[in-house]
Amino acid sequence: MTIGYFALIIGAIFVNNVVLSQFLGICPFLGVSKDVKSSLGMGGAVLFVMLLATLVTYLLYTYVLVPFNLAYLQTIAYILVIAGLVQMVEIVLKKIAPALYQTLGVFLPLITTNCAVLGVAILVVQKDMNLIQSIVYAASIAVGFTLALVIFAGIREQIELTGTPKGMKGVPIALITAGILAMAFMGFGGLVPLP
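Residues numbered from 1 in each chain as written. Predicted model: local features only at pLDDT ≥ 70, side-chain atom pairs only at ≥ 80, totals over all residues. Heavy atoms only, no water.

## Some words on the environment of F23
Looking at where F23 falls in the secondary structure, it is placed in the loop between α1 (3-15) and α2 (26-31). According to the relative accessible area criterion, F23 is exposed, its value standing at 56%. Taking the C-alpha atoms as reference points, F23 and C115, 92 residues apart in sequence, are found 9.5 Å from one another. (Helix = DSSP H or I, 4+ residues; strand = E, 2+ residues; numbered from the N terminus. Buried < 20%, exposed > 50% of the residue type's maximum accessible area, 1.4 Å probe, protein only.)

## Overview of the packing of helix α3 (residues 36-65) against helix α4 (residues 74-96)
Look at α3 against α4: their axes get within 10 Å of each other, and the N-to-C directions meet at 140°. As summarised for this structure, α3 and α4 are arranged oblique, according to the angle between their axes. In this structure, the crossing between α3 and α4 has a hand that is right-handed. Contacts between α3 and α4 involve F48, V49, L52, A53, V56, T57, L60, Y61 and L65 from the former and Q74, A77, Y78, V81, I82, L85, V86 and V89 from the latter. Grouping the amino acids of the contact of α3 with α4 by side-chain chemistry returns 15 nonpolar, 2 polar and no charged. (Axes fitted to C-alpha atoms, helices over the stretch in contact; angles between N-to-C directions. Parallel < 35°, antiparallel > 145°, perpendicular 65-115°, else oblique. Left-handed = near helix turned anticlockwise from the far one by under 90°. Contact = heavy atoms within 4.5 Å. Nonpolar A, V, L, I, M, F, W, Y, C, P; charged D, E, K, R; others polar.)

## What to know about the confidence of the model for the protein
With 95% of its residues at a pLDDT of 70 or more, the protein has an overall mean of 88. Mean pLDDT across the secondary structure elements of the protein bottoms out at helix α5 (residues 98-104), with 74, and peaks at helix α8 (residues 131-161), with 94. (pLDDT = per-residue confidence, 0-100.)

## Focus: the state of the cysteines
When the sulfur atoms of two cysteines share a covalent bond, that bond is a disulfide. The final tally for this structure, using the stated rule, is 0 disulfides. With no disulfide of its own, C27 lies closest to C115 among cysteine sulfurs, the gap being 6.6 Å. Residue C115 is classed as partly exposed on the basis of its relative accessible area of 36%. (Disulfide = S-S within 2.5 Å.)

## Description of the nonpolar core
L20, F29, M42, M50, I111 and Y137 are the most contacted members of the largest nonpolar core, which totals 50 residues. For this core, the elements supplying multiple residues, two or more each, are α1, α3, α4, α6 (107-112), α7 (115-126), α8 and α9 (171-186). With 9 residues, the top contributor of residues to this core is α7. The residues contacting M50, other than those within four sequence positions of it, are A116, V117, V120, A138, I141 and A142. (Core = buried A, V, L, I, M, F, W, Y, C linked by side-chain atoms within 4.5 Å.)

## Some remarks on a nonpolar patch on the surface
Taken together, L55, L59, Y63, V64, F68 and L131 make up a surface patch of nonpolar side chains, about 530 Å² in accessible area. By the secondary structure assignment, F68 is in the loop between α3 and α4. (Patch = residues over 30% accessible without salt bridge, like charges linked within 9 Å, V, L, I, M, F, W, Y side chains within 5 Å. Areas by Shrake-Rupley, 256 points an atom, 1.4 Å probe, with all protein chains shown as cover. Salt bridge = Lys/Arg side-chain N within 4 Å of Asp/Glu carboxyl O.)

## So, the layout of surface pockets
By volume, the largest pocket amounts to about 210 Å³. Around the largest pocket, the lining residues are L30, K34, R156, E157, I159, E160, G170, V171, I173, A174 and L175. Of all elements in the fold, only α8 and α9 reach the threshold of two or more residues within the lining of the largest pocket. Looking at the lining of the largest pocket, its residues break down into 6 nonpolar, 1 polar and 4 charged. (1 Å grid on protein atoms, 1.4 Å probe; cavity = no way out; pocket = protein on both sides within 12 Å on 5 of 7 lines; lining within 4 Å. Points joined across faces, edges and corners; volume = space filled by probe spheres on them.)

Structure, rendered in structure tokens:
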């Protein structure tokens, strides 16, 4: 692995975290982060779908949309591809690995509406990455998403055990905690140059 890939990985996980820096994927970040187990399940599902979606959308853009001058259909095509992939993965898992399907059950349909998956597919094209860089970037973004989700879930579990004032319980304390976590991740800002 060259230093370029190292910078890409560290930048995607810490410096340019998709949730805490780019504010993509906020819905599952706030909705699924009530316990660490659910957060890990969601993170694993996002990693799998994000890798698959990035691979397919990269190939679609490079070998279909651009050659036929249809690049303006990028967003619509990507949304259809991501929704189709999630449905296909759900059907295949239900048939081949029912236990894994039960584990990921509710998380797979949630990924269809996760804007981080669509955001990464679009960012790969905007940053003019090749196929290997795209896959590494997507995996790193998914790891950063999972890291933020698990840290946030752990903090929320701890907050539930403490005496939170009545007016701050639930969403208010979650939003304050998310803001503080985002500021903590800003500390990684000078670690690597942004791609």
